[in-house]
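Residue-level listing of the chains:
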Amino acid sequence: LDNGLALKPPMGWMSWERFRCITDCKLYPDECISEQLFQRHADLLVSEGYADAGYEYVIIDDCWLEKNRDNDTQKLVADRKRFPNGLNALSDHIHKQGLKFGLYQDYGTNTCAGYPGVIKHMKLDAQTFAEWDVDYVKLDGCYANISDMATGYPEFGRLLNETGRPMVYSCSWPAYQEDAGEMPDYESLKQHCNLWRNWDDIDDSLESLMQIMDYFAKNQDRIQPHGGPGHWNDPDMLLLGNYGLSYDQSKLQMAIWSIMAAPLIMSNDLAAVRPEIKDILQNRAVIAVDQDELGIQGRRVLSRNQIEVWKRPITPVTKSGHHSYAVAFVSRRDDGAPYSIPFTVNELGLRNPKGYNVQDLYDASNKLGVFQSDSQFITRVNPNGVTFYKFTAL
Ligand code: A2G
């Protein structure tokens, strides 16, 4: 969507994967979907250094609404008990921290969790979002006619635009089409949305992560070409800092999301993230791959002995037009020992005649030096882990 926004994959924090639809604030005061949760996470983004690393959007997912619209005005109302000061106060709090405010809604009659959706009130809701100083809108697609989405999502985007307030527009429309066996129209998505959820929701497990990686790899010929500045494919939230991923698996998700030029939207309890996981989330070298200015999405390029090679063209580009590359080696093995595997640089598809200076993105002390096309590159990958390198074209 050519609205000048999301020229790099958006970075931030969103409630859904970790906090779902917890609404009982008596039982779970620190976890319920409430103004306190979002204020606290805005503060933590800043105090824990995430904002400095580039994380910017604080996004409320489902379960923030009252079950009914306002009787007189038909406006959406945030839950009065859980958001007693209203969304303007929350959005002010987030903006005062130098961050941006995101909000979830649904194109259908109801949100997935059963709160009122935008249908029949699209103009009013777009205006209300602008009044609340929203900077990012996630529009889900439960309780909607899939056949209406091709016109409905662009229509809501137009209404957002007409408010005059710049809002990043995240569309869930293709995920619902894929589910129904329909082929998404990527040209239309590119034109009408800043990012879009291609497929299923992520859950807190390696299995879920691997399913998403496989979906994107198997369908990369039709998905990969459509990501780019202003219009990104979205494989869903980062799981790091929660229950399901080990240290190695956490590095794996962060590396592959960066290869895929994915939005880096965390969903975790920022007060409870262990220091070594926080280091992964804030790894500047890995984030720089994700945010590379060319905005070219990467691909899975080969697989041997259950070691997959994923690669993404990045800057700098040589005068003769050779890209640098981020290259991730993903182990799908679980046979115990770290697995050593050699590739020639040429086999990886890296053919710059002057060679590459190679840097380990997770271990700056690992000095690898210069490799030519016919050099052998040996990497050793932990079970269900990743090694991640930048090959800078010389
Ligand atoms: O509703 C859907 O499942 C969303 N999925 C998920 O991300 C979350 O927002 C949930 C809330 O009820 C898509 O947007 C594809």
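Residues numbered from 1 in each chain as written. Predicted model: local features only at pLDDT ≥ 70, side-chain atom pairs only at ≥ 80, totals over all residues. Heavy atoms only, no water.

K.L.:
Before we go on, may I ask you to explain the nonpolar core in this structure?
P.N.:
Buried together is how nonpolar side chains tend to be arranged in soluble globular proteins. The biggest cluster of nonpolar side chains holds 105 residues, and the ones touching the most others in it are Tyr 55, Trp 64, Met 254 and Trp 257. Top element by residues in this core is helix H9 (residues 206-218). It accounts for 8 residues. Domain assignment of the residues forming this core places at least three in each of domain 1 (11-290) and domain 2 (299-393). Setting aside residues up to four positions removed in sequence, Met 254 forms contacts with Tyr 55, Leu 238, Leu 240, Leu 264, Ile 280, Leu 281, Val 286, Ile 287 and Tyr 362. With 18 residues, the next largest nonpolar core counts Val 309, Tyr 325, Phe 343 and Val 381 among its residues. (Core = buried A, V, L, I, M, F, W, Y, C linked by side-chain atoms within 4.5 Å. Buried < 20%, exposed > 50% of the residue type's maximum accessible area, 1.4 Å probe, protein only. Helix = DSSP H or I, 4+ residues; strand = E, 2+ residues; numbered from the N terminus. Domains from an automatic or database assignment. Contact = heavy atoms within 4.5 Å.)

K.L.:
What is the right way to read the site of the ligand from this model?
P.N.:
Of all residues adjacent to the ligand, which total 13 residues, the nearest are Asp 61, Lys 138, Asp 140, Ser 172 and Asp 201. Within the contact set of the ligand, an oxygen atom lies 2.6 Å away from a side-chain nitrogen or oxygen of Ser 172. A distance of 3.2 Å separates an oxygen atom of the ligand from a polar atom in the side chain of Arg 197. Look at the ligand: alone it shows 370 Å² of surface, and the protein chains cover 93% of it. The cavity where the ligand resides is the largest pocket. Put simply, the parts of the chain that give the shell around the ligand at least two residues each are strand E4 (136-140) and helix H7 (173-179). Tallied by class, the residues present in the shell around the ligand amount to 6 nonpolar, 1 polar and 6 charged. (Near = heavy atom within 4 Å. Polar contact = N/O pair within 3.5 Å; in protein donor to acceptor, adjacent residues only side chain to side chain. Areas by Shrake-Rupley, 256 points an atom, 1.4 Å probe, with all protein chains shown as cover. 1 Å grid on protein atoms, 1.4 Å probe; cavity = no way out; pocket = protein on both sides within 12 Å on 5 of 7 lines; lining within 4 Å. Sits in = over half its atoms within 2 Å of the grid points. Nonpolar A, V, L, I, M, F, W, Y, C, P; charged D, E, K, R; others polar.)

K.L.:
It is not clear to me how the packing of H9 against helix H11 (residues 247-259) should be interpreted in this structure. Could you clarify?
P.N.:
Geometrically, a packed helix pair is captured by the angle between its two axes and the distance between the axes. Put simply, H9 and H11 touch, their axes get as near as 11 Å, and they point 20 degrees apart. Between H9 and H11, the angle is such that the two are roughly parallel. Here H9 runs over H11; the crossing is left-handed. In this structure, H9 uses Leu 206, Leu 209, Met 210, Ile 212 and Met 213 to contact H11, whose residues at the interface are Gln 249, Leu 252, Gln 253, Ile 256 and Trp 257. Its residues assigned to classes, the contact of H9 with H11 comprises 8 nonpolar, 2 polar and no charged. (Axes fitted to C-alpha atoms, helices over the stretch in contact; angles between N-to-C directions. Parallel < 35°, antiparallel > 145°, perpendicular 65-115°, else oblique. Left-handed = near helix turned anticlockwise from the far one by under 90°.)

K.L.:
Mind showing me how you'd approach the domain arrangement of the protein here?
P.N.:
For an interface, size is often stated in terms of accessible area lost upon the parts coming together. Segmenting the protein into domains produces domain 1 (11-290) and domain 2 (299-393). A C-alpha centroid distance of 32 Å is found between domain 1 and domain 2. On the domain 2 side, the residues contacting the 27 residues of domain 1 number 19 residues. Interface area for domain 1 against domain 2, summed over the two sides, is near 2100 Å², with a carbon-plus-sulfur share of 61%. Taken together, the connections running from domain 1 to domain 2 amount to 3 salt bridges. For the salt bridge of Asp 214 with Arg 332, the shortest nitrogen-to-oxygen distance reads 3.0 Å. Here domain 1 is connected to domain 2 by 11 residue pairs in polar contact (both at pLDDT 80 or more). Looking at the side of domain 1 that touches domain 2, the elements that each hand over two or more residues are H9, helix H10 (220-223), H11 and helix H13 (284-290). (Buried area = accessible area lost by both parts, 1.4 Å probe. Salt bridge = Lys/Arg side-chain N within 4 Å of Asp/Glu carboxyl O.)

K.L.:
So what exactly am I meant to see when it comes to the packing of aromatic side chains here?
P.N.:
What characterises a pair of aromatic rings is the spacing of the ring centres plus the angle enclosed by the ring planes. Scanning the model with the defined rule gives 21 aromatic pairs in all. Ring geometry for Tyr 107 against Tyr 153: centres 5.4 Å apart, planes inclined by 40 degrees, an arrangement best described as tilted. Of this pair, Tyr 107 sits in the loop between strand E3 (100-106) and helix H5 (122-131) while Tyr 153 sits in helix H6 (residues 146-162), and the two are 46 residues apart along the sequence. Tyr 153 carries the same exposure label as Tyr 107, and that label is buried. Site record: aromatic cluster; members linked through ring pairs are Phe 329, Phe 343, Tyr 356, Phe 371, Phe 377, Tyr 389 and Phe 391. The positively charged end of Lys 251 is found above the aromatic ring belonging to Tyr 362, 5.1 Å away from the centroid. Over the ring of Tyr 339 we find Arg 333, and its NZ or CZ is 3.9 Å from the ring centre. (Phe/Tyr/Trp six-rings, centres within 6.5 Å; stacked < 30°, edge-to-face > 60°. Lys NZ or Arg CZ within 6 Å of the ring centre and 35° of its normal.)

K.L.:
What's the story with the sheet that holds strand E16 (residues 386-393) in this structure? I'm lost.
P.N.:
Strand-to-strand pairing in sheets goes through backbone hydrogen bonds, with the strands running parallel or antiparallel. Taken in spatial order, the 6 strands line up as E9-E10-E11-E16-E13-E14 in an open sheet, and their pairing is antiparallel. Each of the sheet's edge strands pairs with one partner strand only, and the pair in question is strand E9 (299-304) and strand E14 (367-371). When the angles between neighbouring strand axes are averaged without regard to direction, this sheet yields 25 degrees. Of the strand pairs in this sheet, strand E10 (residues 307-314) and strand E11 (residues 324-331) are connected by 8 bridges, and their pairing is antiparallel. (Pairing = 2+ DSSP bridges.)

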